[in-house]
Amino acid sequence: MLSIKNLKANIEDKEILKGLNLEINPGEVHAIMGPNGSGKSTLASVLAGRDEYDVTGGEVVFKGEDILELSPEDRARKGIFLAFQYPIEIPGVSNANFMKTAVNEVRKSKGLAPLDSKEFLKLMREKMQLVQVDKTMTQRSVNEGFSGGEKKRNEIFQMAMLEPELGILDETDSGLDIDALRIVSDGVNALRDGKRSFIVITHYQRLLDYIVPDFVHVLYKGRIVKSGTKELALELEEKGYDWIKEEVEI
Amino acid sequence: MSEDLKIIDEVTGSDYKWGFVSNIEADTAPKGLNEDTIRFISAKKNEPQWMLDYRLKAFNQWKKMEEPSWAHVNYPKIDFQDIIYYSAPKPKKTLNSLDELDPEVKATFDKLGISLEEQKRLSGVAVDAVIDSVSVKTTFRDELAKLGIIFCSFSEAVREHPELVKKYMGSVVPYTDNFYAALNSAVFSDGSFCYIPKGVRCPMELSTYFRINSAGTGQFERTLIIADEGAYTSYLEGCTAPQRDENQLHAAVVEIYAHKDAQVKYSTVQNWYPGDKNGKGGVYNFVTKRGLCAGERAKISWTQVETGSAITWKYPSVILKGDHSIGEFYSVAVTNNMQQADTGTKMIHIGKNTSSTIISKGISGGKSNNSYRGLVRIGKNALNARNFSQCDSLLLGDRCGAHTFPYIECSNPTAKVEHEATTSKVGEDQIFYCNQRGISTEDAVGLIVNGYCKEVFNQLPMEFAVEAQKLLAVSLEGSVG
Ligand SMILES: Nc1ncnc2c1ncn2[C@@H]1O[C@H](COP(=O)(O)OP(=O)(O)OP(=O)(O)O)[C@@H](O)[C@H]1O
Ligand SMILES: [Mg+2]
C-alpha cells in the first residue's frame, strides 16, 4: 500500500531525510520511534505533502501511484491522513463545519454526493462515540482553546470521520492522560479493519501496549536504522537509543 | 513565491464577478455642477421651494470647502465638473404589481439574485429598490402603513411628509459637516426614508438595494431613518454594481435619528465595482453615515460588510447624547487587488453611562490597503462612559497593507476605554491543516476568513449573513481549480 524508497528531503537546504526506506502492507501498523530531531515529523509532513520540504530524491508510492507530485489535498482525498503533533487552531470555524467541508470534499473526489446535514450529523454522532468526544467540542472552533489532550483526541475524531486508508499518527499519545490514552487507542483499534494501515510515531512503549504494532522502526539521523517487531520497543524502553547510535556510528 | 502564496494571489486577484450593464433609458442631466444642475435636479423631482433652497445653500457651502486628503488612500484628482449628477430610469407608469416592472429592471434584479418576487414570497422583506437614482418599486407598503410606518423613497417623503423631512434632514449630518456631505446635500438624487412611530416595532427587515447604473453617473443617495420613542427597526442595505472602466463617484449620506428607548440596527453589504486587477475603474465610495442617540437608552448598531469599491472612505458613527444610550459598530472590510479602504467609526460619548462597542475586522489581499480609523471621544459630562474596541487585521499574502489609526479623546476621568488590536496572516499552517483534510486552498482561505469574521456576521440578520458569507467567498474566489 505504501512504499518509500530512498527518500531524501531538505528543509531550508538542510538535509533531514537521508535515504529512507519503508514498506507498509494493507492492515499493518508500523511504529516509528527515534530520538528528538531525527526526522519523524519531517517524514510525516513529507508524506502529507507539506510544501516547505523539498524532496531531493527517492520515491513514495501509495496504492500503486507515485504521490510526490500530488497536492496535499489530493493526497488526503486519496486516503492519507495525518494526525498532527501540534494541531492547528482555526478561530471562528466550528469543528463540525470544518469536518463537514472536509468530508464532503473527500466524497466529491470519489464521485459521491455530499452528505446533507442530517446524514452528516448521524455520521458525526457515531464517530464522536468512538473517541468519546462530546457535543460542545464539535461546536467549538477547530482546536481553539482546546487542551493539549483535547486537541489530540480531536485529531483521532477527525481521522474516524474521514476514514482514511493510511493514518499517520505523530505523537498522538503525548499530552494524553491515562484514561484518554486508552480511549484514543481504543478508537484507533476500532479503525483497524485489516485493510487500513497506520504509521504510529511515538516516544513511549506504553502506547504500543494499546495499539500493538506489527513492526517497530528506529529512525535516526534521517534513516531507518533498525527494524523489528514489538519487542524492539520494549528493548528501547529499557536501554534507550545509545546502543543503536553506537551501532550506526561504527 | 510559495505555492500557497501563489494560490492566495490568484484567489484574491479575481475579477469582479457581477459586472454587467443593463440598458435602461436614462433621463440624464448634462455633465458638470452649477446652480443650474441643482435646479434641474430639483425640477425633475418636482420638489418644493424649501428643498431647492436647502440644496442651493449646501452647494454654496460646498464651493467653499476643500476635498479632504487625510485618509490613507490615493487616487487621481476628481474633476467634479466631469460628472453627471442626475440620471433616472424613465418612469413609465405607476405600478400596481411587480409584473408591470420594466423587464430590463427586473432582469437586472434577477441577475443579482434579488428578484422582488423571491424577496416578497420567501423572506417577507419589504424592498425599496433603487436603480440609479429613482425608486422603482416599493413593496409591503400597505402592511407597514397599517402600523403607521412610513417607508418610501426620499423624494416621495419630500412631497408627502415635508414636516418630517424638514425637521430631521441634516439634524444628524448637517450639510456643513464635510465636503462630501455638502455635495450630497446639494445634488442628492434619491434614497430611502423611514419613520417608525412611537412604540412600534417594525415587524420586518426593511431593505434597499442600491445600484449604480448609467455610465459616468455619480450616485448621491440620501437615507433618513427616524425611530420615535420606543420604536425598533432593522434596516438592510446591500448593493452590487456593473463593471465599467471610468471611476464612479458615490457620496451617500445616511442619517439615523433615535429617540428615547428607540433601537435601530443598520446592516450593509457593500459590493460596488472594485475595479479590475490593475486598479482600473471602480467606484469611489465616500460615505457619511451617522446616527444620533438623541434620547435616553437609545441604541444604534451599525454592521457593515464592505467588499467592493476601488476606494472606500466611510465611518459610520454614533453620537451618544442620551444618557444610557448605546452605540455599536461591527465591520468586516475586505480589500483585494488594488483596492483601498479607509474605514472605521466614531463614537461620540456625550450622555452619562453611555457605552459603545467597536469590532472591526479588516482583511487585505493582493496589493490592497486596508485601514481602520476610529475615534472614541468621551465628553467632559459623559460620566461612566464605556468603550470597548477590538480591531483585527488579517493579511492574505505579503504585498498588502493593514493599518490601524485609533484615536481616543477622553475628557472624563470616570470613563473606561479599552482598545485591543491584532494583526495576523492567514497562516500556511492553517492552510496546510485544511489541505491535509482534503480541503483545497481556495476553500481553506474562504473557511478561515469566514471564521475570522464570525463575530460580525453573527450580528447580521440571518439571510443577510448567508449572503455576506457567499459574497466573501466570491470576493476571495478566483480562477483556481
Ligand atoms: N522549519 C525548519 N527549519 C529548520 N530546521 C527544521 C525545520 N523544521 C524541522 N527542522 C529540523 O529538522 C530536524 C528534524 O525535525 P523533526 O521535527 O522531523 O524531528 P522529530 O523526529 O519529529 O523530533 P521530535 O521527536 O522532537 O518530535 C530537526 O533537527 C529540526 O530542528
Ligand atoms: Mg516530531
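**A short note on the pattern of salt bridges**
For step 1, the next point in the chain: Following the criterion strictly, the structure yields 31 salt bridges over all chains and no others.
For step 2, the next point in the chain: Between Lys78(A) and Glu65(A) there is a salt bridge, and its shortest N-O distance comes to 3.5 Å. One end of the pair, Lys78(A), is in the loop between helix H2 (72-77) and strand S6 (80-83); the other, Glu65(A), is in strand S5 (residues 65-66), with 13 residues separating them in the sequence.
For step 3, the next point in the chain: Given the relative accessible area of 31%, Lys78(A) is considered partly exposed.
For step 4, the next point in the chain: Measuring nitrogen to oxygen at the nearest pair gives 2.7 Å for the salt bridge that ties Arg373(B) to Asp342(B). Placement of the pair is Arg373(B) in strand S20 (residues 369-378) and Asp342(B) in strand S18 (residues 340-349), with a sequence separation of 31 residues.
For step 5, the next point in the chain: One salt-bridge network, in which partners are shared between bridges, spans Asp74(A), Arg77(A), Glu105(A) and Lys108(A).

**Quick word on the nonpolar core**
For step 1, the next point in the chain: In this structure, Leu2(A), Ile4(A), Phe98(A), Ile199(A), Val332(B) and Ile363(B) are the most contacted members of the largest nonpolar core, which totals 108 residues.
For step 2, the next point in the chain: Viewed by domain, this core spans two of them, domain 1 (1-32 + 48-69 + 214-250) and domain 2 (71-196) of chain A, each represented by three or more residues.
For step 3, the next point in the chain: Not counting residues within four places of it along the chain, the set of residues in contact with Phe98(A) comprises Ile90(A), Val93(A), Val142(A), Gln158(A), Tyr433(B), Cys434(B), Arg437(B), Ile439(B) and Leu447(B).
For step 4, the next point in the chain: Judged by nonpolar contacts, the second largest core, of 56 residues, contains Ile38(B), Phe59(B), Met65(B) and Ile348(B).

**What to know about the side chain of Lys289(B)**
All names here are of chain B.
For step 1, the next point in the chain: For Lys-289, the position within the fold is in strand S13 (residues 283-293).
For step 2, the next point in the chain: When its relative accessible area of 3% is taken as the criterion, Lys-289 is described as buried.
For step 3, the next point in the chain: In terms of polar contacts, Lys-289 uses its side chain to reach the side chain of Glu-237, at 3.2 Å.
For step 4, the next point in the chain: Setting aside residues up to four positions removed in sequence, Lys-289 forms contacts with Glu-237, Val-254, Tyr-266, Thr-268, Trp-302, Lys-314, Tyr-315, Pro-316 and Ser-317.

**Focus on the coordination of the magnesium ion (ligand 2)**
Residue and element names in this part refer to chain A.
For step 1, the next point in the chain: For the magnesium ion (ligand 2), every protein donor is listed as Ser-41 (OG) and Gln-85 (OE1), and the spread of their distances is 2.0 to 2.3 Å. With Ser-41 in helix H1 (residues 40-48) and Gln-85 in the loop between S6 and strand S7 (90-94), this pair connects stretches of sequence that are 44 residues apart.
For step 2, the next point in the chain: Taking the relative accessible area as the measure of exposure, Gln-85 reaches 16% and is therefore buried.

**Structural notes on the interface of chain B and chain A**
For step 1, the next point in the chain: Contact with chain B, which involves 21 residues of that partner, is made by 32 residues of chain A.
For step 2, the next point in the chain: Contact with chain A buries surface across chain B, with Phe432(B), Tyr433(B) and Arg437(B) losing the most and accounting together for 35% of the total.
For step 3, the next point in the chain: On the surface where chain B and chain A come into contact, there are two salt bridges.
For step 4, the next point in the chain: Between Glu155(A) and Arg437(B) there is a salt bridge, and its shortest N-O distance comes to 2.6 Å.
For step 5, the next point in the chain: Sort the elements by how many residues they give to the side of chain B that touches chain A and helix H10 (residues 428-436) of chain B lands first, with eight residues.
For step 6, the next point in the chain: Broken down by class, the residue content of the side of chain B that touches chain A amounts to seven nonpolar, eight polar and six charged.

**Thoughts on the domain arrangement of chain A**
Residues and elements named next belong to chain A.
For step 1, the next point in the chain: Taken domain by domain, chain A comprises domain 1 (1-32 + 48-69 + 214-250) and domain 2 (71-196).
For step 2, the next point in the chain: For domain 1 and domain 2, the distance between their C-alpha centres works out to 24 Å.
For step 3, the next point in the chain: With 15 residues of domain 1 at the interface, the matching set in domain 2 holds 13 residues.
For step 4, the next point in the chain: Of the roughly 1,300 Å² buried at the junction of domain 1 and domain 2 (both faces included), carbon and sulfur atoms supply 58%.
For step 5, the next point in the chain: The largest contributions to the domain 1 side of the interface with domain 2 come from Ala-48, Phe-62 and Ile-67, which together make up 37% of the buried area.

**Looking at the site of ligand 1**
Residues and elements named next belong to chain A.
For step 1, the next point in the chain: Looking at ligand 1, there are 14 residues lining it, with Gly-37, Lys-40, Ser-41, Thr-42 and His-203 nearest.
For step 2, the next point in the chain: Taking Thr-42, its side chain carries an N or O atom lying 2.5 Å from an oxygen atom of ligand 1.
For step 3, the next point in the chain: Taken by itself ligand 1 offers 640 Å² of open surface, and the protein chains cover 67% of this.
For step 4, the next point in the chain: Sort the elements by how many residues they give to the shell around ligand 1 and H1 lands first, with three residues.
For step 5, the next point in the chain: Of the residues contributing to the shell around ligand 1, the split by class is two nonpolar, eight polar and four charged.

**Observations concerning the sheet that holds S6(A)**
All names here are of chain A.
For step 1, the next point in the chain: Pairing is mixed across the open sheet formed by six strands, whose spatial order is S6-S9-S10-S3-S11-S12. Since the sheet does not close on itself, it has two edges, and those belong to S6 and strand S12 (223-228), each with one partner. Within the sheet, the average angular offset between the axes of one strand and its neighbour, ignoring direction, is 20°.
For step 2, the next point in the chain: In this sheet, strand S10 (residues 197-201) lies alongside strand S9 (residues 166-170) in parallel orientation, the contact comprising five bridges. Following the sheet pairing, Asp-170 is matched in S10 by Ile-201.

About the criteria used
Residues numbered from 1 in each chain as written. Chains lettered and ligands numbered in written order. Predicted model: local features only at pLDDT ≥ 70, side-chain atom pairs only at ≥ 80, totals over all residues. Heavy atoms only, no water. Salt bridge = Lys/Arg side-chain N within 4 Å of Asp/Glu carboxyl O. Helix = DSSP H or I, 4+ residues; strand = E, 2+ residues; numbered from the N terminus. Buried < 20%, exposed > 50% of the residue type's maximum accessible area, 1.4 Å probe, protein only. Core = buried A, V, L, I, M, F, W, Y, C linked by side-chain atoms within 4.5 Å. Domains from an automatic or database assignment. Contact = heavy atoms within 4.5 Å. Polar contact = N/O pair within 3.5 Å; in protein donor to acceptor, adjacent residues only side chain to side chain. Donors = N, O, S within 2.8 Å, 3.2 Å for Na, K, Ca; no water. Buried area = accessible area lost by both parts, 1.4 Å probe. Nonpolar A, V, L, I, M, F, W, Y, C, P; charged D, E, K, R; others polar. Near = heavy atom within 4 Å. Areas by Shrake-Rupley, 256 points an atom, 1.4 Å probe, with all protein chains shown as cover. Pairing = 2+ DSSP bridges. Axes fitted to C-alpha atoms, helices over the stretch in contact; angles between N-to-C directions.

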